[in-house]
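Below are the chains, spelled out letter by letter.
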Amino acid sequence: MRSLKTLVVLAAPVLMLAGCGSADDASTEASADTVEMPADSALAPVTDAPVADPTATATDTAAPEATTTETADAAANVAAAAAAAAEESPAPAE
């Protein structure tokens, strides 16, 4: 009984794949009739000018530059917080 179930389970995908097959020949070369657009028109330069997007949220103001000391202090604070979090978390169960 088990071997019959196994045979049915294995035969079902084979039959499904056989039913989905097609006889189209994939080895045909591309010709001018099968190409959607000529390459010359596809590679033509773009002449449209860019336009401004009024809904864009980016601003032109730059953020103030942080000093080296401020950056180092921020990195040290992040490292200390990570070390504290590592000490607080329980060890993974084996």
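Conventions used here
Residues numbered from 1 in each chain as written. Predicted model: local features only at pLDDT ≥ 70, side-chain atom pairs only at ≥ 80, totals over all residues. Heavy atoms only, no water. Helix = DSSP H or I, 4+ residues; strand = E, 2+ residues; numbered from the N terminus. Areas by Shrake-Rupley, 256 points an atom, 1.4 Å probe, with all protein chains shown as cover. Patch = residues over 30% accessible without salt bridge, like charges linked within 9 Å, V, L, I, M, F, W, Y side chains within 5 Å. Salt bridge = Lys/Arg side-chain N within 4 Å of Asp/Glu carboxyl O. pLDDT = per-residue confidence, 0-100.

## Observations concerning the overall build of the chain
Step number 1: When its secondary structure is counted, the chain shows three helices and zero strands.
Step number 2: Its helices and strands taken in sequence order, the chain reads α-α-α from the N to the C terminus.
Step number 3: A total accessible area of about 9,300 Å² is found for the chain, and carbon and sulfur atoms account for 63% of it.

## Here's the deal with a nonpolar patch on the surface
Step number 1: Together, Met1, Leu4, Leu7 and Val8 line one region of the surface with nonpolar side chains, adding up to about 460 Å² of accessible area.
Step number 2: For Leu7, the location among the structural elements is in helix H1 (residues 2–20).

## Things to note about the confidence of the model for the chain
Step number 1: Overall, the prediction assigns the chain a mean pLDDT of 75, with 65% of residues at 70 or greater.
Step number 2: When pLDDT is averaged over each element of the chain, helix H3 (residues 68–88) comes out on top at 90 and helix H2 (residues 39–42) at the bottom at 71.

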